[in-house]
Amino acid sequence: MSALPEITLSSVPETAPAAGETKVHGSVSAIEQLEISPVGVYVQHYLRRLKNPTNDQTDHLKAHADHIAAEAAKAINDVSLDDQEDEEESEELLSLDPKEWKKQDHYAVLGLSRLRYKATMDDIIKAHRKKVLRHHPDKKAAQGHLNDDRFFKCIKKAFDILTNPEKRRQWDSVDPEVSTDIPSAKEKGDFFEIYGPVFEREARFSKTQPVPPLGNIDSSREDVEAFYEFWYNINSWRTFEYLDKEEVEGSNRDDKRYMEMKNRKDRTTRKNKDNQRLRTLVDNAIKADPRMQKFKEEDKKKRNARKNAREEEERKMKEAKKAEEEAAKKAAEAAAAIEESEKKLRQDAHKMFKKEQRALKLLFKKANYFAESDSDVAAGVAKLDKILAAKKDTDSLVAVREQIEAAQAAGNVSAVVDEIVSQL
């Protein structure tokens with residue numbers, strides 16, 4: 001241990017008591033040598049200069065980081081955002097570049113993705129406090145992440161924008177996570193379930209509050225017409241400044257003037273497109289609204305009572321005509337069925353006739369045409385042809401065949417054949 005340094009005391013003040021009146025209340029404690037741990041943001045520059053930090057220094061840093069983490073966790077537990085769980089912080093979110101702040105999702109940065117434009121100022125402040133406690137540069141430095149304050153800058157930017165009413169409106173106007181889609185007039189489903197959430201979403205842009213409700217199927221004509229009248233003339237605060245292109249560093253006055261002019265033009269174009277989108281929404285809603293259809297039908301009936309009566313008469317006539325046509329169609333179908341049945345019978349009869357002809361031909365052929373010699377075959381063929389030409393129905397052919405077969409069995413077939421031919 002090194003020698004104690006000499007200390008020169010100042011002179012005794014005039015108001016001090018005399019030496020005999022002083023009392024000793026204690027003594028100077030012995031000198032102790034303490035080891036100081038290099039931790040905290042105030043020694044960052046010292047750590048940068050250390051090329052090879054010792055194990056002792058690393059251990060002290062880790063211990064301090066654990067302490068900071070515990071304190072932060074305790075503080076976070078004291079903060080509640082309507083008892084909702086914290087949103088998960090993805091690697092993509094944590095790696096955001098603060099220079100590209102216009103591209104970041106400010107609600108996601110603060111963990112308010114579920115609430116978005118519905119988040120209150122109290123929600124934003126609580127969420128910001130949570131994020132600060134978790135991502136403060138002091139805590140990062142205590143954990144050994146030097147200069148790791150990128151996401152913290154994103155948090156600060158998101159908080160600055162969402163706590164500034166004008167800037168928040170600019171961001172909410174172009175929030176890419178909030179849909180701007182509108183239903184088509186032909187979309188199937190319950191009208192109020194389809195269009196109710198859409199009008200509720202768009203109502204936040206109205207300068208006039210409260211916005212008339214969409215109502216229900218039993219809403220009066222006056223309420224429904226007032227609703228659509230309001231939306232056709234809505235005064236929207238939606239703005240598009242957030243999408244303005246930034247000035248390039250080093251731009252001259254002319255470049256800045258041109259950029260301002262172009263941004264104004266782009267904002268006007270986007271605003272016109274958004275107004276047209278709202279008008280299309282209202283047009284589609286009117287077309288799909290069952291109440292409007294009911295009102296139109298009622299008006300039509302009032303204006304066209306005679307026409308409706310005539311249409312009813314025409315409808316009855318059409319129904320009667322349709323009934324007649326259906327009856328005629330059924331009769332035609334029945335007649336066609338009968339015709340088809342008769343046709344089949346004729347076809348069957350024709351097949352039987354041909355069958356009997358073939359049977360009679362076969363009978364003559366097997367009997368060598370009932371000729372006693374080869375010279376008489378031609379005569380037998382001629383007799384067969386005469387019989388076939390004369391007999392035009394199946395029954396007569398059957399009778400001839402059976403008569404010949406019986407004569408053939410009796411042994412007088414030639415005489416019977418000659419007799420049949422002579423009777424033709």
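Calculation criteria
Residues numbered from 1 in each chain as written. Predicted model: local features only at pLDDT ≥ 70, side-chain atom pairs only at ≥ 80, totals over all residues. Heavy atoms only, no water. Helix = DSSP H or I, 4+ residues; strand = E, 2+ residues; numbered from the N terminus. Buried < 20%, exposed > 50% of the residue type's maximum accessible area, 1.4 Å probe, protein only. Patch = residues over 30% accessible without salt bridge, like charges linked within 9 Å, V, L, I, M, F, W, Y side chains within 5 Å. Areas by Shrake-Rupley, 256 points an atom, 1.4 Å probe, with all protein chains shown as cover. Salt bridge = Lys/Arg side-chain N within 4 Å of Asp/Glu carboxyl O. Lys, Arg positive; Asp, Glu negative; His and termini not counted. Charge placed at Lys NZ, Arg CZ, Asp CG, Glu CD. Expected span 1.5 Å × (residues − 1). Arc of directions from axis to C-beta. Contact = heavy atoms within 4.5 Å. pLDDT = per-residue confidence, 0-100. Phe/Tyr/Trp six-rings, centres within 6.5 Å; stacked < 30°, edge-to-face > 60°. Lys NZ or Arg CZ within 6 Å of the ring centre and 35° of its normal.

Student: Teacher, can you tell me more about unusual backbone geometry here?
Tutor: Of note, the bond from Gln209 into Pro210 is cis; its omega dihedral lies within 30 degrees of zero at 0 degrees. With a phi angle near 50 degrees, Arg116 is a residue other than glycine that sits in the positive phi range. Note on placement: Arg116 falls in the loop between helix H4 (106-109) and helix H5 (121-135). Overall, Arg116 belongs to the buried group, its relative accessible area being 8%.

Student: Looking at this model, I keep getting lost on a positive patch on the surface. Mind explaining?
Tutor: On the surface, a cluster of positive charge is contributed by Lys300, Arg303, Lys307 and Arg310. For the positive patch, the elements supplying multiple residues, two or more each, are helix H12 (290-303) and helix H13 (305-366). Mapped onto the secondary structure, Arg310 falls in helix H13. Overall, the relative accessible area of 47% leaves Arg310 in the partly exposed class.

Student: Just checking my understanding: could you explain helix H14 (residues 377-390) for this structure?
Tutor: Given 3.6 residues to a turn, an α-helix orients residues that are three or four positions apart in the same direction. When the terminal C-alpha atoms of H14 are compared, their 20 Å separation across 14 residues agrees well with the 20 Å that a helix rising 1.5 Å per residue should span. Residues of H14 that are buried include every one of Val377, Gly380, Leu384, Ile387 and Leu388, and no others. Looking down the long axis of H14, one finds its buried residues gathered within 95 degrees of arc, a one-sided arrangement. Those residues of H14 that are exposed and angled more than 90 degrees off the buried face are Ala378 and Lys386. In the core, the buried residues of H14 are packed alongside H13, helix H15 (394-410) and helix H16 (413-422).

Student: Which parts of the structure should I look at to understand H5?
Tutor: Here H5 is 15 residues long and its end C-alpha atoms lie 21 Å apart, about the 21 Å a rise of 1.5 Å per residue gives. For H5, the set of buried residues is Asp123, Ile124, Ala127, His128, Lys130, Lys131, Val132 and His135.

Student: What's the story with the confidence of the model for the protein in this structure? I'm lost.
Tutor: Detailed reading of predicted coordinates is not advised where the pLDDT is low. Here the protein averages 81 in pLDDT, while 79% of its residues score no lower than 70. Across residues 54-62 the pLDDT falls below 50, and counting only partners more than four positions away or on other chains, this stretch makes 11 contacts in the model.

Student: Would you take a moment to explain the packing of aromatic side chains for this structure?
Tutor: Where two aromatic rings form a pair, the distance of their centres and the angle of their planes describe that pair. One pass over the full model with this rule turns up 11 aromatic pairs. Between Phe227 and Trp231 the ring centres are 6.3 Å apart and the planes differ by 55 degrees, which places this aromatic pair in the tilted class. You can see Phe227 and its partner Trp231 sitting in helix H10 (residues 221-232), four residues apart, about one turn around the helix. Of the two residues examined, Phe227 and Trp231, each falls in the buried class. Taken together through their ring pairs, the aromatic side chains of Phe191, Phe192, Tyr195, Phe199, Phe227, Tyr228, Phe230 and Trp231 make up a single cluster. The ring of Tyr242 is capped by Lys102, whose NZ or CZ atom sits 5.5 Å from the centre of that ring. Between Arg169 and the ring centre of Trp237, over which it is positioned, the NZ or CZ distance is 4.5 Å.

Student: Would you take a moment to explain the side chain of His128 for this structure?
Tutor: Here His128 is to be found in helix H5. The class of His128 is buried, set by a relative accessible area of 18%.

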